[in-house]
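Inside the fold
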Amino acid sequence: MIRIQEILILTTNRLKMRNFTKQFIWIFLMISIFTTTSYAVIPGCSDAGVATTTEDSVCVGGSSTLVLTGYTGAIQWQSFNGTIWVNETGTGSTTDAYVVTLLASTDFRAVVTASSCPSDTSAIVSITAGVSAPTTTGATRCGYGPVTLSATGSGAIKWYDVSSGGTPIASGASFSPTVSATTTYYASASSNGGGSGVTPMPPQNSTFSSNARGYWFQAPVNFNIIGVQVPDAITSQNIAVVRFDPPGPPPLYATTTNNFTVLYLTQGNPNIGVLPVNIAVVAGDYIGVLGTRESSDDNSYATSPSTTIIDGQTVTITRMGMQYPLATIAPQELWQEAGGSISRVELTYEIGCESTRTPAVATVNPAATIAIAANPPALCEGQSSVISVTSTNSNYTYTWSPATGLSGTTGSTVTATPLSPITYTITADDGTCGAIDSIFVSVGPASVAGTATISTDTICSGSPAILNLTGSVGSIQWQSWDGFQWNNETGPGATTNSYQVSPSIFTQYQAIVTSGGCAPETSASVTLEVLTIVDPTTTNDSICGPGVVNLSASGTGLLNWYTTPTGGTSVNNTGAYSPSLATTTTYYVQASAGGTYNLGLPNPGISPIPLPGSDWGLQFDVISQCTLERVYISVGQQSGNITINLRNLQGGAVINSVTVPVNAGALLVPVGLGFTLNPGIGYRLEMATGSVPCIYSSFGANYPYTVPGSPVTITGFVSPTFGVGIYYYYFYNWEVTEGCSSNRIPVTGYILNVPAVPLISLFTNQLSSSATSGNQWYLNGVLIPGATGQTYSAFQSGAYSVIVTDPSGCTAASTPFTYTGINEINLADAGIALYPNPVKDLLNIEFKNPIAGSKTIKVMNTLGEVVKIVTVEDAKNSIEFNLPAGIYSIEIRTLKNVYSTNIVKL
C-alpha cells in the first residue's frame, strides 16, 4: 500500500491550482483515494519489510536472532535505551539476521534505506531477558510452629534458605516451614526453557576398580546440574563433578597433571536418591564426572564411548580415569581412556532461567518459654526417669517425641524407660503460640571397670608408659593417687582406654568407669616406679695449639661420650677420653644404669648384594622398655642418604625416624638411633624407600636373634611381609641398652692460640725481641732473673734466647742467638780510654785521637734500661757515676762510629 507521504510526492506538481480551496480539495481527494485503494510500491524505494525474532524470551546473557524479510534497502538495526533509538554496532547489525545477547529486556527495530529514498522503519520487536523476580508474602506467628509463606510470579517458584547459591529446599507457590525464631527465606521464579532430565547410561554389569572411573562430555547448551546419583545403595561412594580449565577435554591416557576446577565433591554417601546440587554449566564447557568406591560391586556401566541426550541434542560420553583413588581430587591427574566401561553416575539437570531471589520473612514473636527436667537425667538399663515440663503459659498442651520408652506422648509429665541413650523433644502449643525444647537422657548397661594394665611397671624419668583398660563398659576416667586422695587425670587420652603417662615420681593409677546412670566401678590400681640417675661430673682441658686433650668424667653406671647433645653415636665409654684436636671441641657425657646388649648378625658375611631401600628390614619384639641405641650398615656403590624408620605394623605410622648421609663402599657404618622401645610385638625396623642401596645377607639367617637378658628379640625379616627364611636385611650388630640415662653433660677440650715465635735482633750489645710483651730472656738455657723486657743488654758471650707467654699461658720460644761479647781493643785502637774500671764516683773518658763533633755517652743497666746519658765535646771528660753497684754497659756514639764496653760500679 502506498503511504501518505508517497502520495504527496506524486502529486506535488498538481498542487499548482490558482486558489487554496481547489488545492485542498485535490489533496483531500487523493488521500481518500489512496487510503482506500491498494497500489504497487514504487520500485527502488525503501521498504522495511517484516521484523521477527527467533526467541522472544531468553535468559539473562542468552541470545536471540533478529530476522528481517521482504525489505528493500540497506539495513540498520536499532535498540531503544529508554529515551531514544540507538544504532546497533555489533557484528551483523546491518544484516537481515542479527544475533543479539540480552542482559535486560530490550525493544529492537530495523531502519531500511534505499538509495535516494526516505528511510522506512519496521515494526518493533520486543525480547524479554530473564525472569522477573516473584512477589513474596511473609507470615507471623507466636513462638515455635509452622508458618505459610507465599510467592507469585511467572514460571515455577523455588524456595531457598540463602540469598545466593545453595540448593532449593522447596518448590511451589507456597512454603510452610516450621520455625522457632524469625527466619528469612528466599523465593525465585524459574522458566524451564527445555525441561529437565538425567543422563542415563545403558546398564552393563562389570567389576568396579578401586581407582576412580567416570566420563566426560561437552555441554551443548547452558544448563544447571541440580542432582547427582549412583543408582544403587552403597556406603563408601565418592562422587565428583569437575570442569577442565582451560576449556578442553582431558588428555589421552597419560601422567600429565591437568588443570581443572572441582565443582562438586562428596564422600561416603549412601546415594539412595538424588544428591541435590546447584552447578551452573555453560555451553561449550568440558565437564568430567567421577565416581569410585572401596571395593568391587555390580554397579551399572556403559561401553565407552556412549551417548546421551541433553535438551534434545545428542552428546558423546567418553570414559575418563584418575591416577589415584578419589579422595580430595585436586591436584590429581585425570585422563580419557579408550574403550572399557563407564561408571554410571547420573546427572539431573534443568534448562531455563531463574530470577533473582526475593526475601520472605517468617517472623516469630516471643512466646512463653518452657523448662524441662529429668529425674534422674542418667539411667541404668531398666531404670526409669520422670520428665516434666513447666511454663508460665497455663494454656499450653504438650506433645512428646519420639514415643520410644515413654509412658505417654502428651501431658506435662511422662515417665521414660528407654533402653539406650535418647533425646526427647517436647512441643508446646496453645492454639496461637508454641514452644519447643529437648532433653537428653543417658542410659547404659551396668558399669564394668574391666582390667587395667600398664606397658611397663618401671620407667626412667622422662620416659613414657601406657595405661590400658580392657573389658570395660561405660565412660572412662583415669585417676592418680597423690598420697591423700584420688585425682582425675586431665592429659590427652585421660578418658580413653589407652592413656600415656610420664610421671616424675612413683605413682599409682586406677580407672573409674561409669555407664549411663549406673553406679561407677573402679578398676584395680597399677603402679609405676620412676628411676633417675645422677648426671656425671666432667672436667675440661686446655692445651696450646693442636694436640691431645685429656678430658675426664665421673659418675655412676656406664659413661658414654657423644659429639652431639642428643642422638648420635657413642665415641667412648670410659671415664677418660683423650682425643687429638685441632680446634676447640665440646663432647657430651651421659651416665647409664642397666645392661647393654648386642644382637643380630654381626655383619653381612660374604654377601656382596646391595639392595635399594623399599621399606624392607627386620621385625622384632620387645619385652621391657629399652633403647635401640644404634645399628650398623654396609653401603653399596652409591653415596647419598639413608632413612631408617620404626613402625609397629606393616604400612603403619612411622613411630621414629633417622636420616643420615653415607658414603659409597663404607663397611659397617654405625648409625645412631636412640629409639625408645616400649613392650610390644611386631615392631619393624625398615630401610625407607628412596634410601641408597645397602648390602643385605642373602643366605644363612637363623631366626630368632637374641642374647641372654636382652629385652629385644629379632624374630624375622620383612620384605615387606614377614618371613623367617634365609634372608637378613640391612641392620647388623644391634646395640640395645636397658635402664636409665642421665642428661648429657658437656665437656670441652679447648685449643688455645699459640703466640708467634719471637725473633732476636742485635744492636751493639743490646738484644731485642720481636714480641712487645710477655718476654723472658735466657742465657745458655738458664733464666735471667728480671730480664722480661723487650730488650736486653748482653754483658757476656753466650747463647741468648727469649720465651714469650701470652695471657692464656701459651708460650713460644725463639731460636738461640749466639753473642760473642765486646772487643775492647777496638776502644784502644780508636784512642778512647775509660777509667777507672771499676769506678766509684767519677768515670773519666779520654779521646786521645781527635774526633770531630760531639760524642754521646749512654749508660745502661743489665735490664737494657738507659740510666744515664750525657753529651761531651772535650778530649778529656769526667761524668758522675752515682749509680747503684753493678755491671753497666757504656755506649759511645760519634758521628761515624759506635763503641761499647762494660764498667763495674763499686
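Relevant structure appears above.
Described in the following lines is the structure provided in the data block. (Residues numbered from 1 in each chain as written. Predicted model: local features only at pLDDT ≥ 70, side-chain atom pairs only at ≥ 80, totals over all residues. Heavy atoms only, no water.)

It is worth spelling out the overall build of the protein chain at this point. Check the secondary structure of the protein chain and you find three helices and 84 strands. When burial is assessed residue by residue, the protein chain has 43% of its 906 residues classed as buried. Put simply, 68% of the contacts in the protein chain that link residues at least 6 apart link residues at least 24 apart. Split by element, the accessible area of the protein chain, about 43,600 Å² in all, is 54% carbon and sulfur. (Helix = DSSP H or I, 4+ residues; strand = E, 2+ residues; numbered from the N terminus. Buried < 20%, exposed > 50% of the residue type's maximum accessible area, 1.4 Å probe, protein only. Contact = heavy atoms within 4.5 Å. Areas by Shrake-Rupley, 256 points an atom, 1.4 Å probe, with all protein chains shown as cover.)

What links the strands of a sheet is backbone hydrogen bonding, and the strands pair in either a parallel or an antiparallel sense. If you walk across this open sheet you meet the three strands as β10-β13-β16, and the pairing is antiparallel. The open sheet has two free edges, formed respectively by β10 (135-137) and β16 (174-175), since each of these has just one partner strand. Pairing analysis gives two bridges linking strand β13 (residues 149-152) to β16, with the strands arranged antiparallel. Considered in β16, the bridge of S150 is made with S174. (Pairing = 2+ DSSP bridges.)

Here the focus is the sheet that holds strand β6 (residues 97-101). Read across the open sheet, the three strands follow the order β1-β3-β6; overall the sheet is antiparallel. Looking at the sheet topology across the chains shown, the edges are occupied by β1 (50-53) and β6. Within this sheet the neighbouring strands show an average axis-to-axis angle of 20 degrees, counted without direction. As defined by bridge partners, strand β3 (residues 63-69) adjoins β6 across five bridges and the pair is classed as antiparallel. Note that in β6 the partner of L66 across the bridge is Y98. (Axes fitted to C-alpha atoms, helices over the stretch in contact; angles between N-to-C directions.)

Enumeration over the complete set of coordinates arrives at one cavity of 30 Å³ or more. The wall of the largest cavity is formed by K158, Y160, P168, N224, I226, N278, E350 and E354. Those elements that place two or more of their residues in the lining of the largest cavity are β14 (156-160), β20 (223-229) and β30 (346-354). A class-by-class count of the residues in the lining of the largest cavity yields three nonpolar, two polar and three charged. (1 Å grid on protein atoms, 1.4 Å probe; cavity = no way out; pocket = protein on both sides within 12 Å on 5 of 7 lines; lining within 4 Å. Points joined across faces, edges and corners; volume = space filled by probe spheres on them. Nonpolar A, V, L, I, M, F, W, Y, C, P; charged D, E, K, R; others polar.)

Enumeration according to the criterion identifies five disulfides in this entry. Here C142 connects covalently by a disulfide to C433, the sulfurs 1.7 Å from one another. Since a negative S-S torsion denotes a left-handed disulfide, the C142-C433 link at about 95 degrees is right-handed. Of the two residues, C142 is situated in strand β11 (residues 139-143) and C433 in strand β38 (residues 433-444); the sequence distance between them amounts to 291 residues. (Disulfide = S-S within 2.5 Å.)

None of this, on its own, says anything about what the molecule does.
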